[in-house]
Amino acid sequence: MRGSEKLTKVGLKVTGPRLKVLQIFEAQEHLHLTADDIRRRMLEQDVRISLATLYRVLAHLTELGILHRCIFDGDRAMYELDHGIHDHLICLGCGRVDEFADETIEKRKRITAQASGYALTTHRHTLFGYCSACRASYQPGAAARRPRS
Ligand SMILES: [Zn+2]
Ligand SMILES: [Zn+2]
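Residues numbered from 1 in each chain as written. Chains lettered and ligands numbered in written order. Predicted model: local features only at pLDDT ≥ 70, side-chain atom pairs only at ≥ 80, totals over all residues. Heavy atoms only, no water.

**Student:** What exactly am I supposed to notice about the coordination of the zinc ion (ligand 1) here?
**Tutor:** Put simply, the ideal angle at a metal is 109.5 degrees for four donors in tetrahedral geometry and 90 or 180 degrees for six donors in octahedral geometry. Coordination sphere of the zinc ion (ligand 1), protein contribution only: Cys91 (SG), Cys94 (SG), Cys131 (SG) and Cys134 (SG), at 2.2 to 2.3 Å. Classification of the site at the zinc ion (ligand 1) as tetrahedral follows from its four donor atoms and the range of 105 to 113° in their angles at the metal. If you list the donors of the zinc ion (ligand 1) from N- to C-terminus, the spacing comes out as C-x2-C-x36-C-x2-C. One exposure class covers both Cys131 and Cys134, and it is buried. (Donors = N, O, S within 2.8 Å, 3.2 Å for Na, K, Ca; no water. Tetrahedral: all angles 85-135°; square planar, octahedral: opposite > 155°, others 65-115°. Buried < 20%, exposed > 50% of the residue type's maximum accessible area, 1.4 Å probe, protein only.)

Right, dumping it as structure tokens:
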């Protein structure tokens, strides 16, 4: 479903920043973008929006279940089109984000939550490492090695 159809479906006017934000996400598959990324892409298309307005639009689209807000570490909130349960791989070298979905892992998560008496509402599962392009410059253990005194 296109962004405009999604907005119409939830009874929102198909104008302005909301549609622009959705068009940015629909221009490319599996985008994970920070608010700054989105704002920069809008500026490239001569669409000016304050960060405050953008955050309001993002919060609203997230509330409606059109966007999903992922937080990968402390201050790095990224948004993506909500397209069902999946997990992420993040490259510590270039910041690239990949997705994976593994039914066995999903099942284990549910079992783990259940065993601890939790009713699962949401979950995040993120793997950090180095992507195939960055692996060459990454030496395992290099960061932990200390010079001998
Ligand atoms: Zn990388
Ligand atoms: Zn994702």
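Structure shown, so let's carry the discussion forward.
**Student:** In this structure, what is going on with the sheet that holds strand E5 (residues 126-129)? I would like to understand it.
**Tutor:** One key point about sheets: their strands pair by backbone hydrogen bonds, in either a parallel or an antiparallel sense. Spatially, three strands are ordered E4-E3-E5 in an open sheet, and the strand pairing comes out mixed. Of all the strands in the sheet, the pair left with one neighbour each is strand E4 (97-100) and E5. Averaged over all adjacent pairs, the angle separating strand axes in this sheet is 25°, with direction ignored. Two strands pair when backbone bridges link them, and strand E3 (residues 87-91) and E4 are joined in this way by four bridges, in the antiparallel orientation. Within the sheet, the bridge partner assigned to Ile90 lies in E4 and is Val97. (Pairing = 2+ DSSP bridges. Helix = DSSP H or I, 4+ residues; strand = E, 2+ residues; numbered from the N terminus. Axes fitted to C-alpha atoms, helices over the stretch in contact; angles between N-to-C directions.)

**Student:** I would appreciate a short explanation of the coordination of the zinc ion (ligand 2) in the present structure.
**Tutor:** Every protein donor of the zinc ion (ligand 2) is listed here as His32 (NE2), Glu80 (OE), His86 (NE2), His88 (NE2) and Glu99 (OE), and their distances to the metal cover 2.0 to 2.2 Å. Site description for the zinc ion (ligand 2): donor spacing in sequence, H-x47-E-x5-H-x1-H-x10-E. You can see His32 sitting in the loop between helix H2 (16-26) and helix H3 (35-44) and its partner Glu80 sitting in strand E2 (residues 77-81), a full 48 residues away along the chain. On the basis of relative accessible area, His32 is assigned to the buried category, the value being 8%. Look at Glu80 and you get buried, because its relative accessible area is 3%.

**Student:** So what exactly am I meant to see when it comes to H3 here?
**Tutor:** Count 3.6 residues to each turn of an α-helix, and residues three or four apart come out pointing the same way. Of the residues making up H3, those classed as buried are Ala35, Asp37, Ile38 and Met42. For H3, the angular spread of the buried residues around the axis is 160°, confining them to a single face. Looking one or two residues past H3, Asp46 carries a phi angle of roughly 60°, positive in sign. (Arc of directions from axis to C-beta.)

**Student:** Honestly, the side chain of His86 in this entry has me stumped. Any pointers?
**Tutor:** Inspection of the secondary structure assignment puts His86 in the loop between E2 and E3. Accessibility expressed as a relative area gives 13% for His86, which makes it buried. Side chain to side chain, His86 and Glu80 meet in a polar contact 3.1 Å long. For His86, the side chain forms a polar contact with the side chain of His83, separated by 3.5 Å. Ignoring sequence-local partners within four residues, the contact set of His86 consists of His32, Glu80, Glu99, Phe100 and Ala101. (Polar contact = N/O pair within 3.5 Å; in protein donor to acceptor, adjacent residues only side chain to side chain. Contact = heavy atoms within 4.5 Å.)

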